[in-house]
Structures are given as structure tokens and as C-alpha cells.
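Architecture at a glance
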Amino acid sequence: MALPISYNWRNLFVRKLSTALTFTVVTVVVFVLAVLLSFAEGIRASLSSSGSRANILVLKPGSTAEGTSIILPEEYARLPQTPGVARGPDGRPLISRELYVQTSIPRRGPGGAPANVAVRGVEDTAFAVHDEVRLVEGRMFEPGALEVIVGRAARDRYRNLELGGEIPLGRLGHRTCRVVGVFEARGGAFESEIWAPLTLLFDAYARRFVSSAALRLEDPAAAQAAVAYVNGPAVNLEARLETDYYRELSAKTREIVVLTTILVGIMGVGAAFAVANTMYAAVDGRRREIAMLRTIGFPRGSIMAAFVVESLLICMAACAAGLGLSLLVNGVRQDFLSEATWTVLAYELRVTPRTLVAALATAGCVGLLGAMAPALRAARTGVIEALRKA
């Protein structure tokens, strides 16, 4: 015979202060966990949609990212012989030379803290190689003009990147360029960048080398042979699938998630102690009531289950509140400074079904761990002794 849920619900309001404090602690744990997971999901969504399995990215051996790579003209000249490279309508190989630099642009909002935003110098071939990039506002920049196009995420996150805005480029910031277009890239990392004519960046930064080369393949299945050729003695550069490159950039994010998950775990243990403290107080204050329940026929298992249910009711209500608060930040655009590229990646916080399941599991574990010892104590309450003390 089990006690009705209404009995457990009414008892939660007998000690309002301790119940409210426990509710608050569990709500904070769930909220922090949800925000952490939404950060990870946002970064993962942005990087997983970046690149194409039909492209291989070529960097200088030993470089950690495009920003630390230098490919000299004579090295680039060996790439057109790579087996399996696709060709455009004009018969030329689809290889995109790209120069990766950065510039400081203030963020939108109060304070306007500066951010290192990536600037990518490209040629017309880049839009055939990176076919996910498409212009959605304005027009394409003209070669030789002081014009740029910007990713939608960058436009929304940083100042002066709307159509008609002006930004300084160059080592001394002496080239003022006008924004003439906005592009999308399936929500990927390119949307956090500014794209400019390659010749413009050559002149503005006094460079005659490129940072990377993206090769479009006729058949993605031939990627292994192309990578082996570029990595071999004929070219002696370092190639990898473009999707693998962006997956590696998310490694630092995983480290942050692991470390903060440990912190959330410690907070969860503290929340379990708070739940236990509340339930112990409930057991001590209801000894006579427990004895009466045992006298009228409720078994020890029902008494124990009643306190576990009360703990879970507190934690599930707190879980709902924490998730409700986390939904307030769902879709909020933030940026993350990559340690590999030293540029920012704009992303959206995303509360996903995976986040909901993780929050429910955490709240349930906290409720169970916090309730077990007090519930056992309640179940072992001596009937005669409790009635005498009452």
C-alpha cells in the first residue's frame, strides 16, 4: 500500500524555508548545466556545419591553424598536379588560395569590447570550392576595390559590419574598406569571418604568401589519395579533410566542457547534501506521523518511498525552473575565442533535447542521492519509541 502523491506534495510546504533553499540550489545546478551544454551544442553545430568532405585543406607542416601557416608561391605551384582535383568550366583546377589575417572590431552592445575577427583573402575560385557560401544581401566585392563582404554571424555580433559600414584593414589600419555584401554558410565558421579580395590583403599586409589552399575534389572517395600526394615528397605540405580541420578546432571546446562538467558535478554533490539536510529535517519533525502511518498498516517500503518521492518532487520542480531559465538564453548569440586561431567564432546558445535529458537525469540523481539516507532513517523509525517521544 503506497501513500498518495497529495500527501507528499502537502508536506513540501510544511517547512517552506528549507524546501525553498533546496529548490534554489538544485535550480542553479540545472541552470548552469543547461547553459554549459547549450554552449557546447552551439560550438559543435557551428563547426560541424563548416567545411565539406569534398574539400581538402592544405597548410604548412607543423602549423596549428591557418593563422600560423605560410605557403610560399613555389610551394603552391605544386598543388595543381594533385590527383583527383576538380576543374571548373574553364578547365582550371578548383584550388582556392587564401590568406588568413585578423583585425580588431568592437562588439555590439554596451562597452563594445574589441574582438579579433578573421579576415580571409580569396579569389573567385573560392566560391566554387566553398559552395556553401552564398550572398544573401548586397553584392559581391569587386577585385581591386576597397570592398569586403561579411558573414551574417559577424554582421550581427560586431559593429560597423552592416551594409555600407567601414572597417580599417592593414598592419597600420590604413586601408578603409566598405562592406558591400552579407553572406551565409549554413551557419558554419565562415559566417564569423570577413572576406576580401586576395590582392587587397596582399597589399594591405605586405605579404606575398598565402595561409592555406582549399582543393575541391571530383570524387570525395579520392580524398585519401589526394592527401597522401600532398603530404608526400612531391609537394611536402600538410593536407587533411576540411571537415577534420574544423573538428580539430573544437578540441579545446571539449576540454572546457569536461572541466566545467566536473565543476557542475561538485555543485551537484552540494545540492544532494542540501536535499539530504531538508529530508533529515522532515524525518525528525514527523516521527510521530511516521509512527502513526506504520500503526495503521503502511509498510517500511511505503514510508521510504514517500520520502524519496518528496525529494524527487522538489528536484523535478527545480529542474523545470532551471530549464525554464535556460530557455531565456536559447538562441542568444555569443562568441568564443579559439586558442588555435586567436580569432572569435560567433555561435548561438542552443538548448537541445539532449540538454533536457541531461538536466532531468542530473536532477533525478541529486534527488535520489539526497533522499536515500533520510528515507532509510524514516523507514527504521521505531513505532513505540516515536509515539512515546511524541
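Residues numbered from 1 in each chain as written. Predicted model: local features only at pLDDT ≥ 70, side-chain atom pairs only at ≥ 80, totals over all residues. Heavy atoms only, no water.

To continue, consider the overall build of the chain. Secondary structure assignment for the chain yields 13 helices and 12 strands. Here the chain, with 390 residues, has 49% of them falling under the buried criterion. The long-range fraction of contacts in the chain, counting pairs at least 24 apart against all pairs at least 6 apart in sequence, stands at 77%. Of the accessible surface of the chain, which amounts to about 18,000 Å², a share of 60% is contributed by carbon and sulfur atoms. (Helix = DSSP H or I, 4+ residues; strand = E, 2+ residues; numbered from the N terminus. Buried < 20%, exposed > 50% of the residue type's maximum accessible area, 1.4 Å probe, protein only. Contact = heavy atoms within 4.5 Å. Areas by Shrake-Rupley, 256 points an atom, 1.4 Å probe, with all protein chains shown as cover.)

For Arg-186, which is not glycine, the phi dihedral falls at a positive 60°. Within the element layout of this structure, Arg-186 appears in the loop between β7 (175-184) and β8 (194-197). Of note, Ala-206 is a non-glycine position whose phi angle comes to about 55°, a positive value. The residue Ala-206 is located in the loop between α6 (198-204) and β9 (212-216) in this model.

Turning our attention to a nonpolar patch on the surface. On the surface, Val-258, Leu-259, Ile-262 and Ile-266 cluster together into a nonpolar patch covering about 410 Å² of accessible area. Looking at the element boundaries, Val-258 is found in helix α9 (residues 251-285). (Patch = residues over 30% accessible without salt bridge, like charges linked within 9 Å, V, L, I, M, F, W, Y side chains within 5 Å. Salt bridge = Lys/Arg side-chain N within 4 Å of Asp/Glu carboxyl O.)

Let's shift gears to helix α7 (residues 223-231). By the burial criterion, the buried members of α7 are Ala-223, Ala-226, Val-227 and Val-230. Along the long axis of α7, the arc covered by the buried residues comes to 100°, so they all point the same way. Contacts from the buried residues of α7 go to β1 (55-59) and β10 (238-241). (Arc of directions from axis to C-beta.)

Applying the stated criterion across every chain, the model contains 6 aromatic pairs. With centroids separated by 5.3 Å and ring planes inclined at 45°, the aromatic side chains of Phe-183 and Trp-195 adopt a geometry described as tilted. Remark: Trp-195 occurs in strand β8 and Phe-183 occurs in strand β7; sequence separation between them is 12 residues. Assessed through its relative accessible area of 0%, Trp-195 is described here as buried. With a centroid separation of 6.1 Å and 85° between ring planes, the pair formed by Phe-190 and Tyr-246 is classed as edge-to-face. Placement of the pair is Phe-190 in the loop between β7 and β8 and Tyr-246 in helix α8 (residues 242-249), with a sequence separation of 56 residues. Looking at Tyr-246, the relative accessible area reads 4%, which means it is buried. (Phe/Tyr/Trp six-rings, centres within 6.5 Å; stacked < 30°, edge-to-face > 60°.)

Within the largest apolar cluster, 54 residues are counted, with the highest numbers of intra-cluster contacts made by Val-26 and Trp-195. Here the element with the most residues in this core is helix α2 (residues 16-48); it accounts for 11 residues. Two domains each provide a minimum of three residues to this core, namely domain 1 (5-48 + 251-389) and domain 2 (55-249). Apart from residues lying up to four places away in sequence, Val-26 is in contact with Ala-271, Val-275, Cys-315, Ala-318 and Val-366. Judged by nonpolar contacts, the second largest core, of 46 residues, contains Leu-169, Cys-177, Val-179 and Leu-200. (Core = buried A, V, L, I, M, F, W, Y, C linked by side-chain atoms within 4.5 Å. Domains from an automatic or database assignment.)

Okay, α8 next. All buried positions along α8 are accounted for by Glu-242, Thr-243, Tyr-245, Tyr-246 and Leu-249. Considered in projection along α8, the buried side chains sweep an arc of 155° and stay on one side of the axis.

Take the side chain of Glu-191 next. If you trace the backbone, Glu-191 turns up in the loop between β7 and β8. With residues near it in sequence (within four places) discarded, Glu-191 still touches Gly-151, Arg-152, Ala-153, Ala-154, Phe-183, Glu-184, Ala-185 and Arg-186.

According to the stated counting rule, one finds 17 salt bridges in the structure shown. Here Arg-152 ties to Glu-191 by a salt bridge, and the two come within 3.9 Å at their closest N and O atoms. Of this pair, Arg-152 sits in helix α5 (residues 152-157) while Glu-191 sits in the loop between β7 and β8, and the two are 39 residues apart along the sequence. Across the pair Arg-247 and Asp-244 runs a salt bridge, and its minimum N-O distance is 2.5 Å.

In this fold, Asn-277 is placed in helix α9. In this structure, the C-alpha to C-alpha distance between Asn-277 and Gly-370, residues 93 residues apart in sequence, is 8.0 Å.

Tracing the sequence through the fold places Glu-193 in the loop between β7 and β8. Those residues in contact with Glu-193 that lie beyond four places of it in its chain are Tyr-100, Ala-118, Arg-120, Val-150, Gly-151, Ala-154 and Phe-183.

As a further point, take the environment of Ala-65. By secondary structure assignment, the location of Ala-65 is in the loop between β1 and α3 (73-76). Residue Ala-65 is classed as buried on the basis of its relative accessible area of 0%. Separated by 183 residues in the primary sequence, Ala-65 and Glu-248 place their C-alpha atoms 9.6 Å from one another.

A separate point is the state of the cysteines. What the rule picks out here adds up to 0 disulfides. Between Cys-319, a free cysteine, and Cys-315, which holds the nearest cysteine sulfur, the sulfur-to-sulfur gap is 9.0 Å. Using a relative accessible area of 1% as the deciding quantity, one classes Cys-319 as buried. (Disulfide = S-S within 2.5 Å.)

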